[in-house]
Amino acid sequence: PTARPRSCPWSLCAAGGLVAAAGCCAALACGLGAEEADAPRRQHFVATPRVPMRLVYEFAVRNPSGGAAWPADGALAQLFECVGAAASLELGRGDGTMWRCLGGACIAQARRCDGRRQCLDGSDEAACGVDDASSAYDAAATAAGGADVAATPGATRSAGTVAAAPGGADVEAEATAAGLGPSLGAAAAGATPGGSGGCSEKGGLSYALDWKAEGATFWDDWNYLTFEPNSGAAEYLLRDEAMAKGVTTAHPSHAILRPGPKGKYLKRTSAKLETQRKWTYFLMAFKYESVPWGCGVWPALWTHSPDAAWPKGGELDIMEYANEITSRTSLHVDAVENRCELNPELLNRPGCPKMPDAEYNFTGHYDCATAYPGKLGCAPNDVRFMGTGEEMAREPSVVAAEWTADYLKIFRIPSHEMPADLAADSPRPDEWDEWLMSYYPFSASERTRPGSCPNAAGILKAQKIVLSLGFCGDWASKVWENSACANKGQYSTGPWSAKGPVMGSQCVAVDPHDPQGETPAGPRDCCTRFIYDEDDEYGSEDYLAQHGFWNISWLKVYQPTGGRRLRSVSREPNS
């Protein structure tokens, strides 16, 4: 966001920070630029491995005035204590403001049945939609495995005696080890997968490692592509030149893709790579330490098919963003041969995380057909997982994509939360709902709305994985005028402000699809001028060296083994 109404006491940064709104009127408070003059009145709290986002959110709910100080680590457990009127709440009951877990901790009533577990026992996500308090209590207790609690509805428990749940002991032990106290289990449960229940279809698939790029041979099995179809400022290099110029490098622990020196006139060297292999149905996992960010950059991790002309073969954008625009996933298919319009009801169920279509400024209608500039494709995204490149660079993560005959799912998992099954190369994505960022229910859409997605299993042809680092062009140049990067003649500093020549008098923002007589990626395009920096007057090379690189730990592709964990298979409710 670029602005927040001052009437809102707290602003939530996508990267996991909380900002007191007093004196906060710009994204700078989220760490996107220079300090504001009224910085002493602003408080900035950041989620870390020791302080989960659940705690940050709960703190905001408990302090609506925006003036409270962030508690010391040892006092964080108090965020989930039942105080005041909440202290008299029976287990599994709420008073409209607070709700009490079967384990004894209290959470904000608004977090009850929101599709994300707050209570360690999952009781806040059980019996959703049941109005009668007693029935809701009993159903929640049964679902959470708390038969002993359900048998004595009037019983009370301390916040430290949380009902057991799969994985709960580990979560609570970690919370205690961090000095946060055992009552934190209700919040720390948010880091345990599986909290979304029936919000998405489960494939019940077992996966085995099929291919990986890792270590000093990371780039060996990639093709270096040179075609630039987006009217951008990148000059993509072939392998030998990219290696010689340091654009792509590989090391025992990581690989780098970075901007290179200036190339041909108005171009900066870079690389766009695709895997030499292609896959039909797979689970891909991409672990990174940092991602490119900054003015003029357009990074992407995506897939495409070599077997059909675009978009008939399909394209899945797993990570893609430009300038300070947040990354989102999106899907692009043909309007006839592999058309698909997702059923919005499957993506906006009561009690489940909402996934609005991020296309058309979050007003899209889930139609995946693509024909630029009129049809943009579909992009169902849980906005809580969306972040700018800078925000994602601050939190090393694993991004995973699962494509089956029935659906596509994208996950974003902080590295410190990486599930043990993935670390052991025996991934079970059915259990990763906690990190589900995007969901494309092909088969369920067709079942519930016949004719909407008639070729669900073949909506994509076999896909290659692509990693690219572009500049300007159809996206970053087009939106430059409305970006914090635009130099509008007022001096400013920081990574997100006043880059390149002065807009209007020295350059213009050129939309390659509607250039208005200008030349796309030409000498008057503001973004191109900054990225190329012909006379080294803008400091672009140093700027890109600091911000503009991929630092990748590994990329792995898993394929279904043919077996299914039958107990895990589930279908969409009412489908």
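The shown structure was predicted, so the numbers you read here are calculated from the model rather than taken from an experiment.

## Concerning empty space enclosed by the protein
Thought 1: Tallied over the full model, the rule gives 3 cavities of 30 Å³ or more.
Thought 2: In this structure, the second largest cavity encloses a volume near 50 Å³.
Thought 3: Around the second largest cavity sit Asp-357, Tyr-360, Gly-364, His-365, Tyr-366, Asp-367, Ala-369, Lys-375, Leu-376 and Gly-377, which together line it.
Thought 4: Of the residues in the lining of the second largest cavity, the class split is 4 nonpolar, 3 polar and 3 charged.

## Considering the confidence of the model for the chain
Thought 1: With 70% of its residues at a pLDDT of 70 or more, the chain shows a mean pLDDT of 78.
Thought 2: When the criterion is pLDDT under 50, residues 1-53 qualifies, and its contacts beyond four places in sequence or with other chains add up to 118 contacts.
Thought 3: Within the model, pLDDT remains below 50 along residues 131-197, and this stretch shows 133 contacts once partners closer than five positions in the same chain are excluded.

## Brief notes about the pairing of strand β19 (residues 397-403)
Thought 1: In terms of burial, β19 is a largely internal element, 7 of the 7 residues being buried.
Thought 2: Of the two faces of β19, the one holding Ser-397, Val-399, Ala-401 and Trp-403 and the one holding Val-398, Ala-400 and Glu-402 are both buried throughout.
Thought 3: Of the strand pairs in this sheet, strand β13 (residues 282-290) and β19 are connected by 7 bridges, and their pairing is antiparallel. Paired with Ala-285 across the two strands is Ala-400, which belongs to β19.
Thought 4: Two elements, β19 and strand β20 (residues 407-414), share 7 bridges in a ladder whose sense is antiparallel. Bridge pairing in β20 places Trp-403 opposite Leu-408.

## Some remarks on the packing of aromatic side chains
Thought 1: Per the stated rule, a full pass over the model turns up 18 aromatic pairs.
Thought 2: Centroid distance Phe-286 to Trp-550: 5.7 Å. Interplanar angle 85°. Geometry classified as edge-to-face. In this pair, Phe-286 is assigned in strand β13 and Trp-550 in strand β25 (residues 550-564), connecting sequence segments 264 residues apart.
Thought 3: What makes Phe-286 buried here is its relative accessible area of 1%.
Thought 4: Given a relative accessible area of 0%, Trp-550 falls into the buried group.
Thought 5: A ring pair is formed by Tyr-407 and Tyr-439, whose centres lie 6.3 Å apart and whose planes are at 65°; its orientation type is edge-to-face. Placement of Tyr-407 in strand β20 and of Tyr-439 in strand β21 (residues 436-441) is noted, with a sequence separation of 32 residues between them. The same class applies to Tyr-407 as to Tyr-439, namely buried.

## What to know about the sheet that holds strand β14 (residues 297-304)
Thought 1: In spatial order, the strands read β7-β12-β22-β14-β15-β16; together these 6 strands make up an open sheet with antiparallel pairing. Among the strands making up the open sheet, the edge pair consists of β7 (222-225) and β16 (330-332). Across this sheet, the average inter-strand angle for adjacent strands is 25°, counted without regard to direction.
Thought 2: Bridge analysis of β14 against strand β15 (residues 315-320) gives 5 bridges, and the strand direction is antiparallel. Bridge assignment links Trp-302 to a residue of β15, and that residue is Asp-317.

## Focus: the pairing of β21
Thought 1: Judged by how many residues are buried, β21 sits mostly within the fold: 6 of 6 residues are covered.
Thought 2: As defined by bridge partners, β20 adjoins β21 across 5 bridges and the pair is classed as antiparallel. What sits directly across from Lys-409, in β21, is Tyr-439.

## Notes on helix α13 (residues 540-547)
Thought 1: The set of residues buried in α13 consists of Ser-540, Tyr-543, Leu-544 and His-547. The arc enclosing the buried residues of α13, seen along the axis, measures out at 95°, which places them on a common side. Residues of α13 that are exposed and point more than 90 degrees away from the buried face comprise Asp-542, Ala-545 and Gln-546.
Thought 2: Against the buried residues of α13 lie β11 (268-270), β14, β24 (499-502) and α12 (526-532).

## Description of the pattern of salt bridges
Thought 1: Throughout the structure, instances matching the rule amount to 20 salt bridges.
Thought 2: Note that Glu-201 is salt-bridged to Arg-447, the shortest N-O span being 3.5 Å. Placement of the pair is Glu-201 in the loop between α5 (185-188) and β6 (205-214) and Arg-447 in helix α10 (residues 442-448), with a sequence separation of 246 residues.
Thought 3: On the accessibility criterion, Arg-447 (32% relative accessible area) is partly exposed.
Thought 4: Here Lys-312 and Glu-337 are joined by a salt bridge, their closest N and O atoms 3.4 Å apart. With Lys-312 in the loop between β14 and β15 and Glu-337 in the loop between β16 and α7 (359-362), this pair connects stretches of sequence that are 25 residues apart.

Cut-offs used in this document
- Residues numbered from 1 in each chain as written.
- Predicted model: local features only at pLDDT ≥ 70, side-chain atom pairs only at ≥ 80, totals over all residues.
- Heavy atoms only, no water.
- 1 Å grid on protein atoms, 1.4 Å probe; cavity = no way out; pocket = protein on both sides within 12 Å on 5 of 7 lines; lining within 4 Å.
- Points joined across faces, edges and corners; volume = space filled by probe spheres on them.
- Nonpolar A, V, L, I, M, F, W, Y, C, P; charged D, E, K, R; others polar.
- pLDDT = per-residue confidence, 0-100.
- Contact = heavy atoms within 4.5 Å.
- Buried < 20%, exposed > 50% of the residue type's maximum accessible area, 1.4 Å probe, protein only.
- Helix = DSSP H or I, 4+ residues; strand = E, 2+ residues; numbered from the N terminus.
- Pairing = 2+ DSSP bridges.
- Phe/Tyr/Trp six-rings, centres within 6.5 Å; stacked < 30°, edge-to-face > 60°.
- Axes fitted to C-alpha atoms, helices over the stretch in contact; angles between N-to-C directions.
- Arc of directions from axis to C-beta.
- Salt bridge = Lys/Arg side-chain N within 4 Å of Asp/Glu carboxyl O.

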